[in-house]
Amino acid sequence: MEKKQLAGMAIDRIEKVFGKHNGYRRAHARGVIYEAVFTATGNAAHLQAGETRAAVRFSHSSPNPVWTDAMSPVKGMAVQFQLPGGRLTNIVGVNAPVFFAKTPETFTEMLGLAKSLKNGRLPLRTLVKLLVKYPDSRAAIKVLRKMHAPASFVKGRYYAMHAFYFIDHKGNRTPVKYEWEPDAGVAALSPKDAKAMEFGHFEQELESRLKKGPAGFRLNIIIGEPGDPTDDPTKEWPKERRKIVAGHLEIRGSQLQDNGILFDPTAMVPGIACSEDRILAFRSLAYSISHARRTEGT
Ligand code: HEM
């Protein structure tokens with residue numbers, strides 16, 4: 001099947017499993033956007049040293065905007081860097097280090113099996129079916145089932161998961177991954193505390209926190225070594241990999257309107273390139289289909 005057709009099928013299936021919510025993103029439907037400033041160290045050459053304007057969107061992962069905050073323990077952090085000359089690049093991550101599908105085909109098939117999610121959880125029979133049929137997904141499904149929501153949008157560690165390549169002026173490629181480390185420290189909610197929270201707690205907590213002062217994240221670059229998989233978002237790289245600091249994001253108190261902003265994780269600028277990870281390329285197609293539907297109001 002042609003890739004774009006498969007991406008359309010994946011979005012149709014998301015709508016079937018989670019319901020169709022006109023005007024909303026087909027995943028990470030509910031979220032808030034703030035103005036931010038990124039101060040780069042210069043360690044990532046495509047993010048030149050100095051200050052860059054940015055926008056950050058925190059989100060609950062569910063495609064259903066009326067699911068409670070607790071039903072989406074996976075939260076999203078999407079950052080758009082507004083570079084000089086009008087160039088844009090994005091880092092789009094979640095507070096989990098791995099994804100549950102290795103390929104677009106597996107992802108779409110899994111959605112076909114899921115059919116419907118009760119209270120945000122798969123029925124046990126479906127879960128067992130998935131674990132048997134997709135061995136590559138086992139580790140990630142285990143991690144995701146044990147996930148706890150962060151105590152605040154700004155107390156999660158967010159992972160962009162996929163590998164990317166830094167490209168130097170001689171054309172040498174270094175595989176890298178990104179993670180955002182919160183200044184406020186990593187803290188998770190117990191399932192009981194998460195359940196007790198009112199709808200919209202995360203958004204309110206962030207708004208009142210930012211009224212008192214900015215919140216921040218450090219951007220770490222993890223340097224891959226030969227043999228580290230660059231095509232598989234279900235696999236983490238070994239913990240001992242070297243990390244360098246690419247810069248710091250400061251989130252300011254001004255909330256921005258969502259004027260149809262699209263955080264495409266494949267939007268690259270000179271000095272950085274996508275890896276061969278097929279899920280990464282597929283996301284670009286799926287996000288543009290979702291973007292077209294939601295901005296048309298369907
Ligand atoms: C098969 C793989 C995936 C598919 C089909 C998919 C699908 C989608 C869709 C349709 C949207 C809404 C896009 C829009 O309307 O702008 C979305 C948003 C999002 N996805 Fe994914 N996704 C995938 C994998 C991932 C992975 C691996 C991550 C984490 C690294 C991720 C993190 C996010 C985040 C944070 C958002 C919200 C972006 C925003 O705030 O605008 N997704 N996804």
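These numbers were taken from a predicted model, which means no experiment stands behind them.

Examining the packing of helix α2 (residues 104–114) against helix α7 (residues 278–295)
Next, step 1: Across the interface, α2 lies against α7 with an axial gap of 9 Å and an inter-helix angle of 65°. Residues P104, E105, F107 and T108 of α2 pack against R278, I279 and F282 of α7.
Next, step 2: Split by residue class, the contact of α2 with α7 holds four nonpolar, one polar and two charged.

Observations concerning the site of the ligand
Next, step 1: If you check the shell around the ligand, you find 27 residues, and the closest are R25, R57, Y287, S290 and R294.
Next, step 2: R283 places a side-chain nitrogen or oxygen 3.4 Å from a nitrogen atom of the ligand.
Next, step 3: Secondary structure elements with two or more residues in the shell around the ligand: β3 (75–82), β4 (88–94) and α7.
Next, step 4: Take the shell around the ligand: its biggest share by element is eight residues, from α7.
Next, step 5: In the shell around the ligand, the residues fall into 16 nonpolar, six polar and five charged.

Focus on the UniProt feature "binding site: heme" (unreviewed entry) in the protein
Next, step 1: The sites that UniProt annotates as "binding site: heme" (unreviewed entry) are Y287.
Next, step 2: With respect to the element layout, Y287 can be found in helix α7.
Next, step 3: Those residues within four positions of Y287 in sequence are excluded, and the remaining contacts are L262, F263 and P265.

Thoughts on the pairing of strand β7 (residues 173–182)
Next, step 1: Counting buried positions over the ten residues of β7 gives eight, a clear majority of the element.
Next, step 2: Inspection of the sheet shows strand β5 (residues 158–159) paired to β7 by two bridges, in the antiparallel sense. What sits directly across from Y159, in β7, is E179.
Next, step 3: Where strand β6 (residues 164–167) folds back on β7, the antiparallel hairpin that results is connected by five residues, among which G171 adopts a positive phi of roughly 90°.
Next, step 4: Note that β7 and strand β8 (residues 215–223) share seven bridges and pair antiparallel. Along β8, the bridge assignment pairs E179 with N220.

Conventions and cut-offs
- Residues numbered from 1 in each chain as written.
- Predicted model: local features only at pLDDT ≥ 70, side-chain atom pairs only at ≥ 80, totals over all residues.
- Heavy atoms only, no water.
- Axes fitted to C-alpha atoms, helices over the stretch in contact; angles between N-to-C directions.
- Helix = DSSP H or I, 4+ residues; strand = E, 2+ residues; numbered from the N terminus.
- Contact = heavy atoms within 4.5 Å.
- Nonpolar A, V, L, I, M, F, W, Y, C, P; charged D, E, K, R; others polar.
- Near = heavy atom within 4 Å.
- Polar contact = N/O pair within 3.5 Å; in protein donor to acceptor, adjacent residues only side chain to side chain.
- UniProt positions renumbered as here; feature names shortened; annotations may be inferred.
- Buried < 20%, exposed > 50% of the residue type's maximum accessible area, 1.4 Å probe, protein only.
- Pairing = 2+ DSSP bridges.

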